[in-house]
Amino acid sequence: MKFTHTFGAALVAALLATACGKKEEAAPVAAAPAPAAAPAPARTSVEVLHYWTSGGEPKSAAELKAMLEAKGHEWKDFAVAGGGGDNAMTVLKSRAVSGNPPTAAQVKGPAIQEWANEGMLASIDNVAQAEKWDELLPKVVADVMKSNGNYVAAPVNVHRVNWMWANPEVLKQAGVAAMPKTWDEFFVAADKIKKSGNVALAHGGQNWQDFTVFESVVLGVGGPEFYTNALVKLDPAAIASPTMTKALTTFRKLKGYTDSASTGRDWNMTTAMVIGGKAGFQFMGDWAKGEFTAAGQKPGEGFLCAAAPGTANAYTFNVDSFIMFKLKDEAAQKAQGDLASAILSTEFQEVFNQNKGSIPVRLGHDMAKFDDCAKLSATDFVETAKSGGLVPSIAHGMAVEPAKAGAIQDAVTQFWNDDKLSVAEAQKRIAAAAK
Ligand code: BGC
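Calculation rules
Residues numbered from 1 in each chain as written. Predicted model: local features only at pLDDT ≥ 70, side-chain atom pairs only at ≥ 80, totals over all residues. Heavy atoms only, no water. Disulfide = S-S within 2.5 Å. Helix = DSSP H or I, 4+ residues; strand = E, 2+ residues; numbered from the N terminus. Pairing = 2+ DSSP bridges. Axes fitted to C-alpha atoms, helices over the stretch in contact; angles between N-to-C directions. Near = heavy atom within 4 Å. Polar contact = N/O pair within 3.5 Å; in protein donor to acceptor, adjacent residues only side chain to side chain. Nonpolar A, V, L, I, M, F, W, Y, C, P; charged D, E, K, R; others polar.

Got a minute to help me understand the state of the cysteines in this structure?
Disulfide: a covalent bond formed between the sulfur atoms of two cysteine residues. Using the criterion set out here, one finds one disulfide in the structure. Here Cys305 engages in a disulfide with Cys373; their sulfurs sit 2.2 Å apart. Because the torsion about its S-S bond is -105 degrees, the bridge between Cys305 and Cys373 counts as left-handed. In this pair, Cys305 is assigned in strand 11 (residues 304–307) and Cys373 in helix 18 (residues 372–387), connecting sequence segments 68 residues apart.

This is the structure in structure tokens:
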């Protein structure tokens, strides 16, 4: 557990050491395949499990496919629908247990170590060393990608989770002049939107979405130190504290601003309510921005982005990554190296992250072509690393081992769904799940 508890703090230190003022260097990736004259390389089928299946996400996955095909391989898509990846992880486990894992899979955070501990992952150190990943990545991101000092996973991006999205027209119609900065301001704005006949808060009732909202509330109500104590270190005193009581009370109050059809709704259908002018706000990580962008909307025009109330000085991070499975076939091993190399290339980081809504994981990447929300994310990532506000997302598997994180999420979802369950009882259940 030391690994998970120190994740945020170590990232802060690593960023301070390397993030400031580092200029983008030429990507030290292997040269692109030579044109025509070179003999055509054998096409190896590369099966990649991912859960990028919403409206805008396949466009992001397609970037990876295109880069891999450019290196002469064949992309075998293994897409498993289901936001947050719970379904994908279930399918992956059954494939791996039957001795037939894919080439690579979208797995992140402490779960990478769990797979490595099973002895199932391949080292991609040859690529990582040749391309100097230790210098390109924040140290602690790099550490999470390694097992026994060897890289076994390649990081794709940095998603910020504590965002609030809004439809400016819906706000205007309701007489809401600005994005709320505190929870009190949020409820004033939400009351106005409700009165105007629209849904104030678009929400999809699935446990990972409930927890995505909950962790932003905890961060906004308690601040980054409390968040870390309660949700990363799982300190029983913090979970039982009046601050947690206040966070749960605030979280429950939000439910009164959601619509009756929210149960089970997918996150992208929820974002579609904001895009279509049916709802005012949504709390969701910046993969939601991929949906706004795919719908042709621009920040500041079709939609607005701001940190969730009370969290402007904090940043819940979520790093997507791909683990590489141990495979016997040499051509498949070479393809894994090519995949890893493509993922970290400047070219991929630039295009993929503009589609996905995230920011590049490579330090010092030039943000000139990114939109204003991404620019804010990049600045806040570095600033919060300095101030102590950079914290891992629990809802997105960055801090707590999967089984425990799942149990805590279930407790929060039970509280969200059952209006009769008291706040004190919810605190007890979260504490029990966190043990
Ligand atoms: C992943 C994102 C994904 C989102 C919705 C998050 O946990 O990090 O890449 O877009 O879930 O499925």
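How should I be thinking about the sheet that holds strand 13 (residues 321–324) in this particular structure?
Whether parallel or antiparallel, the strands of a sheet pair through hydrogen bonds between backbone atoms. On the basis of which strands lie adjacent, the open sheet formed by five strands has the order 2-1-3-13-6 and mixed pairing. Of all strands in the sheet, those with a lone pairing partner are strand 2 (74–79) and strand 6 (153–155), marking the two edges. In this sheet, neighbouring strand axes are inclined to one another by 20 degrees on average, regardless of whether the strands run parallel or antiparallel. The sheet contact formed by strand 6 and strand 13 spans three bridges and is antiparallel. Its bridge partner being in strand 13, Pro155 is matched across the sheet by Ser321.

I'm lost on the site of the ligand in this one. Help?
Around the ligand, the surrounding shell holds 14 residues, and the nearest of these are Glu57, Lys108, Asp320, Lys356 and His396. Lys108 places a polar side-chain atom, nitrogen or oxygen, 2.7 Å from an oxygen atom of the ligand. Here Lys356 contributes a side-chain N or O atom positioned 2.7 Å from an oxygen atom of the ligand. Residues of the shell around the ligand, tallied by class, amount to four nonpolar, six polar and four charged.

Functional significance is not addressed by these values, which are geometric in nature.
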